[in-house]
Amino acid sequence: MKPSVFADAWEGLRRNKSIAVSVILVTMISLYLLGVGLLAQRQVDQMKGYWYDRVQVSIYMCTDGALQPNCTGEAATQDQKDSVAAQLKDMEPLVKDVYYESEKEAFDRFKKDYKNSPLASNISVGDIPPSYRVQLSDPEQFETVASAFEGAPGVASVPNLRQVFAPLFRAINIVTGVMIGLAVLTLVSAVLLMATTIRQAAFTRRREIAIMKLVGASNRTIRTPFIIETIASGVIGAVMAVGLLWVTAWALFDKYLLHTQGAGSGYISTADVWIIAPFLLVGVVVLAIGTSTVTLWRYLRV
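Presented here is an overview of the structure given in this document. (Residues numbered from 1 in each chain as written. Predicted model: local features only at pLDDT ≥ 70, side-chain atom pairs only at ≥ 80, totals over all residues. Heavy atoms only, no water.)

**Description of the sheet that holds strand E4 (residues 155–157)**
No. 1: Taken in spatial order, the four strands make up an open sheet running E2-E3-E1-E4, and their pairing is antiparallel. Two strands lie at the open edges of the sheet, namely strand E2 (95–101) and E4, each paired on one side alone. Neighbouring strand axes in the sheet, compared pairwise and without regard to direction, differ in orientation by 30° on average.
No. 2: Where strand E1 (residues 56–61) meets E4, two bridges bridge the pair, whose relative direction is antiparallel. If you follow Met-61 over to E4, its bridge partner there is Val-155. (Pairing = 2+ DSSP bridges. Helix = DSSP H or I, 4+ residues; strand = E, 2+ residues; numbered from the N terminus. Axes fitted to C-alpha atoms, helices over the stretch in contact; angles between N-to-C directions.)

What follows is the structure in structure tokens.
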């Protein structure tokens, strides 16, 4: 490609720098919103993998005064506990590990996990019932194991922990959808602004284009500077969007959540920004080329 083509593109950007800056900013905002949506979806997927793999079947036993329909107001007998333990034993290898947690152990664990919470001072031994904590070899088989103990003698409840996490994941998915929707709207604005920029540049250089036609310049030669201008503006905006995404991920995840809760806690990091960055850059290049080609074909008629 001739150096003069890049010189023409640079001159076009210089002449229409205010509009070029507008294209850069709108592209940056739209790709930033799109990137936030993609990162949010990656966070949902990662949290699902992290938490669902750690889902345990908690089989809570009846205690004195328990109000659950399956309890008679009396604590589960030792025979009932032994029956549950034997049934879990029979479900190996689906049942990977079983741990019985007494009322005192449940109380101590709660006090440790929520030592900074006001709830810790309102809990006493016996408020949390004893339970069997069951680790599964295949977390997807949660319902198979849980249904086997629902309504069993001495069993108060078998809560579905997936249902506990489901509202959180739905909320994040809604936020993701909103962010992507806003990104689409701003991307449409960016496309329209790119088209306006190209039309204005073509109008400004209409005499030059007419002369180039007269001397036999090819259509590609005429179009190329405009396409380069649009790609340059789009790529600059995309690079700025990636930079903002990196800063956001660094401040929220690397600096705060991962720092306070440690690696392997189910959060994304700045590394995920570099995973989506190529898609944003390639996408904006394709968008710029497509917008330039259609606009020039429609308005230059060359």
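Next comes the rest of the account.
**A look at the side chain of Ser-58**
No. 1: Within the secondary structure, Ser-58 is located in strand E1.
No. 2: Beyond its immediate sequence surroundings of up to four residues, Ser-58 is in contact with Tyr-132, Arg-133, Ser-157, Val-158 and Pro-159. (Contact = heavy atoms within 4.5 Å.)

**Description of the nonpolar core**
No. 1: Judged by nonpolar contacts, the single largest core of 23 residues is most densely connected at Val-57, Ile-59, Val-84, Leu-88, Val-134 and Phe-149.
No. 2: Among the elements of the structure, E1, helix H3 (78–90), strand E3 (131–136), helix H5 (142–149) and E4 are those that each provide at least two residues to this core.
No. 3: It is H5 that provides the largest number of residues to this core, a total of four residues.
No. 4: Once you skip the residues sitting within four places of it in the chain, Val-57 turns out to touch Tyr-132, Arg-133, Val-134, Leu-136, Phe-142, Val-145, Ala-146 and Val-158.
No. 5: Grouped together as the second largest cluster of nonpolar side chains are 19 residues, Leu-33, Leu-39, Ile-276 and Leu-280 included. (Core = buried A, V, L, I, M, F, W, Y, C linked by side-chain atoms within 4.5 Å. Buried < 20%, exposed > 50% of the residue type's maximum accessible area, 1.4 Å probe, protein only.)

**Observations concerning the packing of aromatic side chains**
No. 1: Applying the stated criterion across every chain yields a total of two aromatic pairs.
No. 2: A centroid spacing of 6.3 Å and a plane angle of 5° characterise the contact between Trp-246 and Trp-250, whose relative ring orientation is stacked. Taken together, the positions of Trp-246 and Trp-250, both in helix H8 (residues 219–261) and four residues apart, correspond to about one turn of that helix. (Phe/Tyr/Trp six-rings, centres within 6.5 Å; stacked < 30°, edge-to-face > 60°.)

**Things to note about empty space enclosed by the protein**
No. 1: Scanning the entire structure with this criterion turns up one cavity of 30 Å³ or more.
No. 2: Its volume calculated, the largest cavity comes out at about 70 Å³.
No. 3: Lining the largest cavity are ten residues, with Thr-197, Ile-198, Glu-229, Thr-230 and Ser-233 positioned closest to its centre.
No. 4: Of all the secondary structure elements, the ones that give two or more residues to the lining of the largest cavity are helix H6 (161–204) and H8.
No. 5: Looking at the lining of the largest cavity residue by residue, the classes come out as six nonpolar, three polar and one charged. (1 Å grid on protein atoms, 1.4 Å probe; cavity = no way out; pocket = protein on both sides within 12 Å on 5 of 7 lines; lining within 4 Å. Points joined across faces, edges and corners; volume = space filled by probe spheres on them. Nonpolar A, V, L, I, M, F, W, Y, C, P; charged D, E, K, R; others polar.)

**Structural notes on the side chain of Glu-101**
No. 1: As for its position among the elements, Glu-101 is in strand E2.
No. 2: Here Arg-133 takes part through its side chain, which lies 3.2 Å from a polar atom of the side chain of Glu-101.
No. 3: Sequence-distant contacts of Glu-101, that is, excluding residues within four places in its chain, are made with Ala-106, Arg-109, Pro-130, Ser-131 and Arg-133. (Polar contact = N/O pair within 3.5 Å; in protein donor to acceptor, adjacent residues only side chain to side chain.)

**Observations regarding the pattern of salt bridges**
No. 1: The final tally for this structure, using the stated rule, is five salt bridges.
No. 2: Residues Glu-101 and Arg-109 are paired through a salt bridge, measuring 2.7 Å at the closest nitrogen-oxygen approach.
No. 3: Given the relative accessible area of 3%, Glu-101 is considered buried.
No. 4: Overall, Arg-109 belongs to the partly exposed group, its relative accessible area being 32%.
No. 5: Measuring nitrogen to oxygen at the nearest pair gives 3.2 Å for the salt bridge that ties Glu-101 to Arg-133. You can see Glu-101 sitting in strand E2 and its partner Arg-133 sitting in strand E3, a full 32 residues away along the chain.
No. 6: Using a relative accessible area of 13% as the deciding quantity, one classes Arg-133 as buried. (Salt bridge = Lys/Arg side-chain N within 4 Å of Asp/Glu carboxyl O.)

**Some details on the state of the cysteines**
No. 1: Applying the stated criterion across every chain yields a total of one disulfide.
No. 2: In this model, Cys-62 is linked to Cys-71 through a disulfide, with the two sulfur atoms separated by 1.9 Å. Here Cys-62 and Cys-71 share a disulfide; its torsion about the S-S bond, -85°, makes the bridge left-handed. For the pair Cys-62 and Cys-71, a shared accessibility class is recorded, and that class is buried. (Disulfide = S-S within 2.5 Å.)

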